Amino acid sequence: MAKRRRSSRSRRRLQRGFVVLTLLLLVVAVVVVAVLSHRVTRQFEGRRWTLPARVYAQPIELYAGQSLSAERFAEELDRLGYQSVSKPDRPGTYRRRGSVIDVHVRAFRFADEPQEARSLRIAFAGGAIASLQDPQGADVPITRLDPMLIGSIFPTHGEDRIVVSPDQVPALLPNALKAVEDRKFDTHHGVSPLAILRALFVNVRAGQIEQGGSTLTQQLVKSYFLDSRRTLGRKAEEAVMAVILESRFEKADIMNAYINEIYLGQDGRRAIHGFGLASQFYFGKPLAELDLPEIALLVAVVRGPSYYDPRRHPERALERRNLVLRVLAERGVITEQEAKRAERSPLGVAEAGRKGAVFYPAFLDLVRRQLRRDYREDDLTEAGLTVFSTLDPLLQEKAEAALASELARQDASPRKVSHGLEGVVIVTSPATGEVVAMVGGRRASFDGFNRALDAKRPIGSLAKPLVYLAALETGRYTPASIVRDEPVQIKLPNGDVWKPANFDKLVRGNMPAVRALTQSLNLPTVNLGLEVGLGRVARAFVQLGLDEKPAEYPSMLLGATNLSPFEVAQMYNTLANGGFRSPLRAVRAVLAESGKALKAPQLEVTQAAPAEAVYAVDRMLVEVMSRGTGRPARKSLPEGLVVAGKTGTSNDYRDSWFAGFSGSHSIVVWMGHDDNSQTGLTGTTGALAAWSKLMSSIPTSSFDPLMPETLEIRWIDYYSGLETSPWCDGSAVGMPFRYGTPLMASDACPPGSETPAEPLLPEETAEAVP
Amino acid sequence: MRLLPSLALVALFAISGCAVEPFKSEAPARSGASKGTGSPAGSAPVLSAPPEVAPPQPGAEPGIEAPVPATVPRQRPKVPPATMSPASKALVAQAEAQRKKGDLPGATQSLERALRIEPNNPLLWIEMGRLRMDQRNFTQAENLGRKALAMSVGDDPTQSQAWQLISDSLRARGKNVQAQEAAERARALAEQ
């Protein structure tokens, strides 16, 4: 009895324990599901907008006098998808007859106001628009073409990918994905139990996990969390998340997310996610333009982007593509005939070094960052934004070409260290601070690391103009001030002694400031900088646009400060703009889908440094280009084009810089290795070549600012700094001085001497005036 | 064809005593000068004439806020008043229409378009400054006025407008004394 009672008691206890355990498990399960639900929903919500923000390049303005040839205009129209027809009576069509182009411009909703579609007759002459008329023959003062779409982005996410909305996806793609990867997609609830069972069976038999059996939803979840561990627990977690997703979102949203998310290949260290980017990566064209065999290839690659890599394993990829085509035919997605024809076509994969002109990851990254910095988060998560950017596609193309050709030249050089270099080019408009082109590397692609913005490198001699600016700002120095080219030793706080030397190890004694800067001599610059004070020099960096004061070490005078190419571009843009600082910007305006403009930062101008000091520094930077370290650029620059600039080389030739400007473009070029190893290049041998190639290939104007009214030009001897006459010999250089500045006169050739040393040719004279 | 305007410019500069000293890098233009005063561009008037007005005080640091000296040390040669291209005129008119409708962002966009076409036209920077006044961004209005000053050296009517803008922006911030000074400069320049 007692025994029975005891056993029934223990049975009851067992039952109770069982209930408690079950409840406990249930609670744990609920918590786990809630946590997973939160995670997966957040991830999905963040990317589910079916309408990403569309980013446009700057539009081409059309007005009489605009420098644009008929050839280039026709090219631009082709690029924008305008059709050449015999009767341009619909928007998006044009007809060229010699130097006259009739075009029916498309309607477009610009940020300032919508522009209606309209017919125009444009006559060209001498590389410019001669006249612009409407069909009635009335002059049109100004209008613009619809701008080029350069990308679609989710502003709040930082990935390098081309987001596509459903209307940009060929209908065949989702159907093919379903047919090949997940036949029950339209009806299942996130998982396919049968497939899992089958997979389990196969796996258990094989003793390890080999087969997926995943639905598209599960693959999507897996991609979100990028966990490649194939444990059973992991699988269960994925399955639960897939079910949660299905219960909360529409099938169409899930399919769209899949198309934008799934991993499809590897480009060096950069993962290719989404069919939009994959289409560019493999075929060099937008997803909407892919044909059947191309779509089939991408669907084939989904199963194993590395195993079926069409570049590395073309036979495997071809075999699997044709398998996909047969499956599609079997399941009625395409006809037998279509499949047969498609099977015969080649893979059609574009060369790895594809044309970059269609994709601007570095620039789009800048757009994304500036949007996040300048706009309200709530506004940015709104669907269907239109972003008007500052990119000039033609300039971008030229910038990519200039960098590519210089890198190719270095690759072919006998010096091993200058092979495989990376490079950055940034082009800005001095007056407005607009970033019109930005190249982030040799492949115009990057994996989250944007060299133009994130690579911080010592700027070398690019720092020197700031030392001279700081000196001139005090009012105690002029371009004729004598600086000492003599050795200097500085004891550092840590006990080390810093002993800078000139690049050529020579010492030249006293010389005027203009020569020291023009020839980029280290010792005079260090001596001058120490006299002026490190604090003042550091302040000049901030005046020109650096966010933070650089650390005040003596070596900063020679550019030990690490800056990104973008920061350098900001500082030099201020120099190019006469000392007026305009924050560099990549976004002009943003429109909500409703057509309402979002509150945006406007064009800003701040006088950051005294105009007189900046004018003098700029004038010295012009000398750099005519007789200093920038002189080799003259070989490729158009004769008569006045430019200013400065070379920069960091210690042991690790970084090659050039920063300089014309009247309408400021350009910064950096070249170096990602691992910061030696390049064997100076600023002159590396970056300057790319810089001058670019500067000479774009329509630009001479650097020719108005001289501040408190200044006058006087002629000094380049070697002695004594006042002289321009006719004495080649060593006279015209520099700005405040009225009444006392200058010592040269004995050999005092000011006022009238005999020219060598007569100048008349052509040179004509070109001296821009 | 394109040489003609250049030559005309050379002559103009030479005659006017060369206010606009081009940033040329080699020795100065001899023939340009010979058409004018017979001495090198830009240097002749300076070398021949002694300073008429006391130079700026030594040691006075040209700070960012430094007031421009009330007496300009030397009469810089005059240049013709700035004008707008037809394209800029159309855009300024469009901006004005947008401003009247209260669409200030739209007006900004229109003026920025004009500025991209003619970035060196001081009149457009003044227009932009006036728009900033409407937007109650007085500091930027002044900055834009100063930018216009920098690019209109020798152009009295335009400088006068720029000083008027600066005066308005100072007054709006309660800087009445400076505003008065700026207004007087504007008036003096308008009378010349």
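Residues numbered from 1 in each chain as written. Chains lettered and ligands numbered in written order. Predicted model: local features only at pLDDT ≥ 70, side-chain atom pairs only at ≥ 80, totals over all residues.

Before going further, it helps to spend a moment on the overall build of chain B. The helix and strand tally for chain B stands at 9 helices and 0 strands. Going from N to C terminus, chain B has its helices and strands arranged as α-α-α-α-α-α-α-α-α. For chain B, with 192 residues in total, the buried portion stands at 44%. Considering only contacts within chain B whose residues lie at least 6 apart along the sequence, 47% involve residues at least 24 apart. (Helix = DSSP H or I, 4+ residues; strand = E, 2+ residues; numbered from the N terminus. Buried ≥ 20, exposed ≤ 12 C-beta atoms within 10 Å, placed from the backbone. Contact = placed C-beta atoms within 7 Å.)

This part takes up the nonpolar core. Residue and element names in this part refer to chain A. Among the nonpolar cores identified, the biggest contains 235 residues, and Val 425 and Val 669 are the most heavily contacted of them. Ranked by residues supplied to this core, first place goes to helix α21 (residues 611-627) with 11 residues. Once you skip the residues sitting within four places of it in the chain, Val 669 turns out to touch Gly 423, Val 425, Trp 657, Phe 658, Ala 687, Ala 690 and Trp 691. (Core = buried A, V, L, I, M, F, W, Y, C linked by C-beta atoms within 7 Å.)

Residues and elements named next belong to chain A. Considering the arrangement of structural elements, one finds Leu 287 in the loop between α8 (275-283) and α9 (292-302). Counting along the chain gives 187 residues from Leu 287 to Thr 474, while the straight-line C-alpha distance between them is 59 Å. Sequence-distant contacts of Leu 287, defined by excluding residues within four places in its chain, comprise Val 164, Gln 168, Val 169, Pro 170, Phe 275, Gly 276 and Ser 279.

Right, let's talk about the sheet that holds strand β14 (residues 386-389) of chain A for a bit. Residues and elements named next belong to chain A. The sheet built from 4 strands is open, its strands ordered β11-β1-β14-β24 with mixed pairing. Strands at the two margins of the open sheet, each flanked by one partner only, are β11 (149-153) and β24 (587-591). Averaged over neighbouring strand pairs, the angle between their axes works out to 20° when direction is ignored. Here strand β1 (residues 53-56) runs beside β14; their pairing, made up of 3 bridges, is parallel. Residue pairing for β14: Arg 54 is matched across the bridge by Thr 386. (Pairing = 2+ DSSP bridges. Axes fitted to C-alpha atoms, helices over the stretch in contact; angles between N-to-C directions.)

Residue and element names in this part refer to chain A. Locating Ser 429 in the fold gives a position in strand β15 (residues 422-429). Take Ser 429: there are 23 C-beta atoms within 10 Å of it, and that puts it in the buried class. On a C-alpha basis, the gap between Ser 429 and Asp 78 in space is 26 Å, while along the polypeptide they are 351 residues apart. Look past the residues within four positions of Ser 429 in its chain and what remains in contact with it is Glu 434, Val 436, Ser 664 and His 665.

Attention shifts here to the packing of helix α16 (residues 464-473) of chain A against helix α19 (residues 534-544) of chain A. Residue and element names in this part refer to chain A. Direction vectors running N to C along α16 and α19 enclose 105°, while the axes themselves pass 8 Å from each other. Accordingly, the angle class assigned to the pair α16 and α19 is roughly perpendicular. Of the residues in α19, those in contact with Leu 466, Val 467, Leu 469 and Ala 470 of α16 are Arg 536, Val 537, Ala 540, Phe 541 and Leu 544. (Parallel < 35°, antiparallel > 145°, perpendicular 65-115°, else oblique.)

A word on the sheet that holds strand β28 (residues 666-672) of chain A. All names here are of chain A. Spatial ordering of the open sheet is given by β16-β15-β28-β27-β26, a layout of 5 strands whose pairing is antiparallel. With partners counted over all chains shown, the strands left at the sheet margins are β16 (434-439) and β26 (644-649), one partner each. With strand direction ignored, the average angle separating the axes of adjacent strands in the sheet is 10°. Judged from the 7 bridges that link them, β15 and β28 form a sheet pairing that is antiparallel. Counted as the bridge partner of Ile 426 is Val 668 from β28.

So, on to the domain arrangement of chain A. All names here are of chain A. Domain parsing of chain A yields domain 1 (51-58 + 360-455 + 566-611 + 625-700), domain 2 (59-146), domain 3 (159-344), domain 4 (460-560) and domain 5 (711-768). A straight line from the C-alpha centre of domain 1 to that of domain 2 covers 29 Å. Top contributing element to the side of domain 1 that touches domain 2 by residue count: β24, with 3 residues. Taken together, the residues of the side of domain 1 that touches domain 2 sort by class into 5 nonpolar, 2 polar and 1 charged. (Domains from an automatic or database assignment. Nonpolar A, V, L, I, M, F, W, Y, C, P; charged D, E, K, R; others polar.)

With that settled, the discussion passes to the pairing of β11(A). Residue and element names in this part refer to chain A. Along β11, 4 of the 5 residues are buried, which leaves the element largely enclosed by surrounding structure. Strand direction decides the pairing type here: β1 and β11, joined by 4 bridges, are antiparallel. Note that in β11 the partner of Val 55 across the bridge is Gly 151.

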